[in-house]
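Summary of structural features
Listed here are the chains, written in short residue letters.
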Amino acid sequence: MKDCIIAPSVLSANFSNMAAAAADINASGAQWVHLDVMDGKFVPNLTFGPKMAQDLRPLSPLIFDVHLMVYEPEALIGEFARAGADYITFHTEAAVHSHRLLQSIHSLGKKAGISIVPSTPVSLIEELLPFVDLVLVMTVNPGFGGQTIIPECLEKVKKLKMLREKGNWPFLLSVDGGINETTASRAREAGVDVMVAGAAFFNAPDKSALVRRLKGHEA
Ligand code: DX5
Ligand code: ZN
């Protein structure tokens, strides 16, 4: 089986020292940096805008995985593209014209992702699957780090994997929320390609060991 990509989320980093967070991620063996953008409306929390990605960009050679938890995501994609995002993922629940937005992200030369919250069924994004590079399945209700996984959401990963095989589409499957050393094996079994980890990563005293364990390797 192919190794999972690990995407530490800076949401759980110390916001007064993001350079240290980037250095920790770079040194850990993780391949992506996950940037959680929250507007205080789509989710009950606020984080940061494109300037964070722009300021972190020179500090990391890794893939920047921007997760927009905002209403009207179309207003932000240009700025995040210019700030150095590689993947830009938005919530279908927050967008009226998801397909158009996927096209816009591609026209900016970026990979486009679609995300669903725990209460949203896979069927809501089925028509979009030929057009996406990433499907991000939320395994907690978005808004905060350090929550407990809702394991039922992993069934959606299995469903998406089947649809992907049937359609022969190339998108990656990502899970976000409550991923740690204990829950990672269930996510791997469900067939994920990318695992986001916030609290588990930033609370781990040995981050390289944690990354190896999330991938299912011996620490
Ligand atoms: C939650 C965010 C996640 C968050 C995950 O709304 O989308 O990316 O950082 O945090 P953990 O891994 O702590 O559940
Ligand atoms: Zn996220």
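Please read all numbers here as calculations on a predicted model, not as lab measurements.

1. Some points on helix α4 (residues 98–107)
Within α4 the residues assigned to the buried category are Ser98, Leu101, Leu102 and Ile105. Along the axis of α4, the buried residues cluster in a sector spanning 105 degrees; they form a single face. Across α4 from its buried face, at more than 90 degrees, point the exposed residues Arg100 and Ser107. As for α4, its buried residues are in contact with α3 (77–82), β4 (87–91) and β5 (111–116). Following α4 by one or two positions, glycine 109 has its phi on the positive side, about 80 degrees.

2. As for the coordination of the zinc ion (ligand 2)
The zinc ion (ligand 2) binds to the protein through His34 (NE2), Asp36 (OD), His67 (ND1) and Asp176 (OD), with metal-donor distances spanning 2.1 to 2.3 Å. One way to put it: the six donor atoms around the zinc ion (ligand 2) meet at angles of 71 to 170 degrees, and that makes the site octahedral.

3. Remarks on the packing of aromatic side chains
Geometrically, a pair of aromatic rings is defined through the distance of the ring centres and the angle of the planes. Taken as a whole, this structure holds four aromatic pairs when the rule is applied. Both rings, one in phenylalanine 15 and one in phenylalanine 48, keep their centres 5.8 Å apart while their planes meet at 55 degrees; by these two values the pair is tilted. Taken together, the positions of phenylalanine 15 in the loop between β1 (5–8) and α1 (18–28) and phenylalanine 48 in the loop between β2 (32–38) and α2 (50–56) put the pair 33 residues apart, joining distant regions of the chain. Ring geometry for phenylalanine 201 versus phenylalanine 202: centroids 4.9 Å apart, planes at 75 degrees, classification edge-to-face. In this structure, arginine 164 is placed above the aromatic ring of phenylalanine 171, and the distance from its NZ or CZ to the ring centre is 5.6 Å.

About the thresholds
Residues numbered from 1 in each chain as written. Chains lettered and ligands numbered in written order. Predicted model: local features only at pLDDT ≥ 70, side-chain atom pairs only at ≥ 80, totals over all residues. Heavy atoms only, no water. Buried < 20%, exposed > 50% of the residue type's maximum accessible area, 1.4 Å probe, protein only. Helix = DSSP H or I, 4+ residues; strand = E, 2+ residues; numbered from the N terminus. Arc of directions from axis to C-beta. Contact = heavy atoms within 4.5 Å. Donors = N, O, S within 2.8 Å, 3.2 Å for Na, K, Ca; no water. Tetrahedral: all angles 85-135°; square planar, octahedral: opposite > 155°, others 65-115°. Phe/Tyr/Trp six-rings, centres within 6.5 Å; stacked < 30°, edge-to-face > 60°. Lys NZ or Arg CZ within 6 Å of the ring centre and 35° of its normal.

These figures capture arrangement, not role.
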